[in-house]
Amino acid sequence: MISYLIILGIIATFSTGFAFSESDPIITVEMNGPSTFYLDSSNQIIRATVEIQNYTPSDGIYFMKVTHLPTQIVMRDFEIYPRASGNDLWAVQIAYPFLESDVKFGGQTFFGEFEIHIRTEFGSQTASVKFSIFESLDEPTPELIPELIPEPEPEPTPEPTPELIPEPAPEPIPELIPEPEPEPTPKPTPKPTPKLIPEPETEPTPELEPDPVMEQLKCGLGTEPVDGVCVPITCPDGFSLKDGLCVQDSGNGGGCLIATAAYGSELAPQVQQLRELRDNKLLQTESGSAFMESFNDFYYSFSPVIADYERENPVFKEAVKLAITPMISSLSILNYVDMETDAEVLGYGISLILLNVGMYFLAPAIVVVRIRKRL
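All figures in this text were calculated on a predicted structure; none of them were measured in a lab.

Peer 1: How would you summarise helix α6 (residues 286–299) if you had to cite specific residues and measurements?
Peer 2: Here α6 contains 14 residues, and its C-alpha end-to-end distance of 20 Å stays within 8% of the 20 Å for a straight helix at 1.5 Å per residue. Taken residue by residue, α6 has Gly288, Phe291, Met292, Phe295, Asn296 and Tyr299 as its buried positions. Within α6, the buried residues cover an arc of 135° as seen down the axis, which keeps them to one side.

Peer 1: Talk me through the packing of helix α8 (residues 314–331) against helix α9 (residues 342–374); I want residue IDs and the actual numbers.
Peer 2: A pair of packed helices is characterised by two quantities: the angle between their axes and the separation of those axes. Their axes nearest at 11 Å, the elements α8 and α9 cross at an angle of 150°. Classified by the angle between their axes, α8 and α9 sit roughly antiparallel to one another. For the pair α8 and α9, the crossing hand works out as right-handed. On α9, the residues that touch Ala323, Ile324, Pro326, Met327, Ser330 and Leu331 of α8 are Leu352, Leu355, Asn356, Met359 and Tyr360. Split by residue class, the contact of α8 with α9 holds 9 nonpolar, 2 polar and no charged.

Peer 1: I'd like a rundown of the nonpolar core, residues and numbers included.
Peer 2: Among the nonpolar cores identified, the biggest contains 30 residues, and Ile46, Ile116, Ile118, Phe131 and Ile133 are the most heavily contacted of them. The set of elements that each furnish at least two residues to this core consists of β1 (26–31), β3 (45–53), β4 (62–68), β5 (73–80), β7 (89–97), β10 (112–120) and β11 (126–134). If we ignore the near neighbours within four places in the chain, the residues touching Phe131 are Met31, Ser35, Phe37, Ile46, Val66, Gly112, Glu113, Phe114 and Ile116. In this structure, Cys256, Leu274, Ile324 and Leu352 belong to the second largest nonpolar core, which totals 24 residues.

Peer 1: Tell me about the packing of aromatic side chains, and please be specific about residues and values.
Peer 2: One pass over the structure, following the stated rule, counts 8 aromatic pairs. Consider the rings of Tyr38 and Phe134, whose centres lie 6.1 Å apart with planes at 35°: the pair is tilted. With Tyr38 in strand β2 (residues 36–38) and Phe134 in strand β11, this residue pair connects regions lying 96 residues apart in the sequence. As far as the burial class goes, Tyr38 and Phe134 line up, both buried. Ring plane angle 65° and centroid distance 4.9 Å describe the contact between Tyr309 and Phe316, whose orientation is recorded as edge-to-face. One aromatic cluster is present, formed by Phe37, Phe114 and Phe131 through successive ring pairs.

Parameters at a glance
- By convention here, each chain's residues receive numbers from 1 onward along its written sequence.
- Only residues with pLDDT of 70 or above have their local features reported here, since the model is predicted, and side-chain atom pairs are shown and tallied only from 80 upward, although totals for entire chains, interfaces and linings are computed over all residues.
- Computation of side-chain values: all heavy atoms of the structure, hydrogens and water removed.
- Secondary structure is summarised from DSSP: a helix means a run of H or I of at least four residues, a strand means a run of E of at least two, and numbering begins at the N terminus for each.
- What a helix is expected to span follows from its residue count: subtract one and scale by 1.5 Å.
- Working definition: with a 1.4 Å probe on protein chains only, accessible area under 20% of the residue-type maximum means buried, over 50% means exposed, and in between means partly exposed.
- The arc in question is traced by the directions running from the helix axis to the C-beta atoms.
- Interaxial angles span 0 to 180 degrees and are taken between N-to-C directions of axes, which are lines fitted to C-alpha atoms, for helices over the stretch in contact.
- The cut-offs work like this: below 35 degrees is roughly parallel, past 145 is roughly antiparallel, 65 to 115 is roughly perpendicular, and the gaps in between are oblique.
- Crossing handedness follows the turn of the near helix against the far one: under a right angle anticlockwise gives a left-handed crossing, and clockwise gives a right-handed one.
- Contacts were defined at the residue level, with two residues in contact if any of their heavy atoms lie within 4.5 Å.
- Charged residues are taken to be Asp, Glu, Lys and Arg, nonpolar residues to be Ala, Val, Leu, Ile, Met, Phe, Trp, Tyr, Cys and Pro, and polar residues to be all remaining types, Gly included.
- Note on terminology: a nonpolar core comprises buried Ala, Val, Leu, Ile, Met, Phe, Trp, Tyr and Cys residues joined through side-chain atoms within 4.5 Å.
- Ring pairs are drawn from Phe, Tyr and Trp, using the six-membered ring of Trp, whenever the two centres fall within 6.5 Å, and their geometry is named by plane angle: stacked under 30 degrees, edge-to-face over 60, tilted for the rest.

Here it is, written out as structure tokens:
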């Protein structure tokens, strides 16, 4: 049992690397299908497509955040894994199933408009798309409130500058000639009153009529309405249909969340080493593939929590990196041996288990015993 747990902590899975563009990335996200959903409807899967043009690895990890716009409460925030799908184009299909517990908790209900927000770990590029969730098909869709256009402020008219009238030069006053009276001062010109620009009238926004197909057609478990017909739900790659919902598969692919968070990038040398070990060694044999399937079921049950805590706590991140570095170094031995049969995979696997048991348990125990004897 101890050997099985140790080998589960040794191997990690990673996606294959690709060439990247040096141009600035452009992120887009679009809804696939309807953008309005109801709790009493069979269609409870929110589908969207995220595309990244000119993917740049320096932007780090990509995240998806779901926010309830009226309250600004973040409902979900997790990592997504884009894959190359064309020339300088990366994409990921999102199938986000929502349940009643996602919008009703803590004695409150959260219906109305939501937003899917895509962002990167270090880059400044973002993208977002909106959708709505309501409790029942019979509930009317709220009218969209038109945005108020601010009234443009009138530009001030510059005041006219009065012309300066030069004073006449004094003439010589002859004797016994009375002094001339001064000329009257001209009155200042009154300032022109600026004209008021009338505020433009806003056109009323037409009310959104509910989809008649969505109101009348209700499909059974595992199906969804498409063009007025109930068809089986098609899940994207990496998901399978279970109990009428698309659930992420625990296959041999995926990313090592703990190591990626510890070393800061999927392109780190340690991450590349583990990826080569998985693709070129373990997955080439039947026993190695069976082990990876069992390992993923266990690993992904706790690794997202540890990876999130690593990003929040730099001290914990350094501690994890220090703890897994000897284990990753011991795995480099497998890159220099041939493992073409199940027997060779089993033999080298047991040898590495014993080596890591010695490093992580036996050696510290001997040091502790010797210190206690000297005390």
